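Residue-level listing of the chains:
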Amino acid sequence: MGQLTRSRLTITPYHRPEASEQPLVPYEPYKSTIKRSPSKPLIFLPHTLSEVTGPIYGHTEIGETDNDLTKQYKEEPLGQRIIVTGRVLDSNGRPVPRALIEIWQANSAGRYAHQVDQHPAPLDPNFAGAGRTLTDENGAYHFVTIRPGAYPWLNHYNAWRPAHIHFSIFGRAFLSRLVTQMYFPGDPLFAYDPIYQSIPNEKARERMVSKFDSETTQPQWALGYKFDIVLRGPEATPFET
Ligand SMILES: [Fe+2]
């Protein structure tokens, strides 16, 4: 028996996600999903060794201000300063150290520093809206940024996205990549947002909503929000692009 064959026999596959805890595709109210989604049911293949163990990412050096979006320019950006912290966990609740987290977001007026976003809200010359960091040995991460504004989009009449920060996480392997969105508690736009509502299971949706955290909040300086991210398994954070 070859080594590869032996290895395959001992592979512990990842949990498959529960359908109701992931976005429905296509989801009629979210118009772009109609053209983007596969029209046939997915075919699940057995996991292979390289999918559950690799590759090991060669992370380029993370810069000093990469996790502080308020310090990337000479002046501070406008808006409510916030601290976003949490941990990245695997399907068994174990911390994932050295996971690469990248975030991107609109500015406090709800506008992205991107040429595709031309809606009439001001750009902030002191805010790019992009950051990255690595989790520490306990799977913990820390960002300082400003609270993004809600923004309009063209999905349907008077469509506005709830305020959110996009997250991309590279865990240990290809299959522990997660792209999701972090929301803020109590947003009145949840009920109207077809992206948020495309996940049928309410508890799964709520796993994308951060919690206000008075311990992380710093007096006279910034509000704290906690957002733990579970890469796979029954408590997995839903995949949302
Ligand atoms: Fe967005």
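These numbers were taken from a predicted model, which means no experiment stands behind them.

### A look at unusual backbone geometry
Line of reasoning, step 1. In this structure, the amide linkage connecting valine 25 to the following residue, proline 26, adopts the cis form with an omega of -15°.
Line of reasoning, step 2. As for its placement among the helices and strands, proline 26 is situated in the loop between helix H1 (3-9) and helix H2 (32-36).
Line of reasoning, step 3. At arginine 98, a position not held by glycine, the phi torsion is positive, near 60°.
Line of reasoning, step 4. Along the chain, the position of arginine 98 falls in the loop between strand S1 (81-89) and strand S2 (100-105).
Line of reasoning, step 5. Positive phi outside glycine occurs at glutamine 220, with the angle close to 65°.
Line of reasoning, step 6. Using a relative accessible area of 83% as the deciding quantity, one classes glutamine 220 as exposed.

### Regarding the sheet that holds strand S3 (residues 130-134)
Line of reasoning, step 1. With respect to topology, 4 strands assemble into an open sheet ordered S3-S2-S7-S8, the strand pairing being antiparallel. Each end of this open sheet is capped by a strand with a single partner; those strands are S3 and strand S8 (177-183). Across the sheet, the mean angle separating the axes of adjacent strands is 20° when strand polarity is ignored.
Line of reasoning, step 2. Of the pairings in the sheet, the one linking S2 to S3 comprises 5 bridges and is antiparallel in character. Looking across to S3, one finds that leucine 100 is bridged to leucine 134.

### A few points about the packing of aromatic side chains
Line of reasoning, step 1. This model, assessed by the stated rule, comprises 11 aromatic pairs.
Line of reasoning, step 2. On the numbers, 5.6 Å between centres and 85° between planes, the contact of tyrosine 183 with phenylalanine 190 is edge-to-face. The same class applies to tyrosine 183 as to phenylalanine 190, namely buried.
Line of reasoning, step 3. Ring geometry for phenylalanine 184 versus tyrosine 225: centroids 5.1 Å apart, planes at 90°, classification edge-to-face. Taken as a pair, phenylalanine 184 in the loop between S8 and helix H4 (194-197) and tyrosine 225 in strand S10 (residues 223-226) lie far apart in primary sequence, 41 residues in all. Comparing phenylalanine 184 with tyrosine 225 shows no difference in burial state: the two are buried.
Line of reasoning, step 4. Feature note: the residues Tyr141, Phe143, Phe167 and Phe227 constitute an aromatic cluster, connected by ring pairs.
Line of reasoning, step 5. The ring of phenylalanine 184 has arginine 147 sitting right over it, with the charged end atom 4.4 Å from the ring centre.
Line of reasoning, step 6. Residue placement shows arginine 161 over the ring face of tryptophan 153; its charged tip is 6.0 Å from the ring centre.

### Here's the deal with the coordination of the iron ion
Line of reasoning, step 1. Only Tyr112 (OH), Tyr151 (OH), His164 (NE2) and His166 (NE2) from the protein reach the iron ion as donors, at distances of 2.0 to 2.2 Å.
Line of reasoning, step 2. If you look at the iron ion, its 4 donor atoms make angles of 91 to 157° with each other, and the shape they trace is irregular.
Line of reasoning, step 3. Each donor residue of the iron ion belongs to the same chain, with the gaps between them written as Y-x38-Y-x12-H-x1-H. Of the two residues, tyrosine 112 sits in the loop between S2 and S3 while tyrosine 151 sits in strand S5 (residues 151-153), which places them 39 residues apart along the sequence.
Line of reasoning, step 4. Accessibility expressed as a relative area gives 15% for tyrosine 112, which makes it buried.

Conventions and cut-offs
- Residues numbered from 1 in each chain as written.
- Predicted model: local features only at pLDDT ≥ 70, side-chain atom pairs only at ≥ 80, totals over all residues.
- Heavy atoms only, no water.
- Helix = DSSP H or I, 4+ residues; strand = E, 2+ residues; numbered from the N terminus.
- Buried < 20%, exposed > 50% of the residue type's maximum accessible area, 1.4 Å probe, protein only.
- Pairing = 2+ DSSP bridges.
- Axes fitted to C-alpha atoms, helices over the stretch in contact; angles between N-to-C directions.
- Phe/Tyr/Trp six-rings, centres within 6.5 Å; stacked < 30°, edge-to-face > 60°.
- Lys NZ or Arg CZ within 6 Å of the ring centre and 35° of its normal.
- Donors = N, O, S within 2.8 Å, 3.2 Å for Na, K, Ca; no water.
- Tetrahedral: all angles 85-135°; square planar, octahedral: opposite > 155°, others 65-115°.

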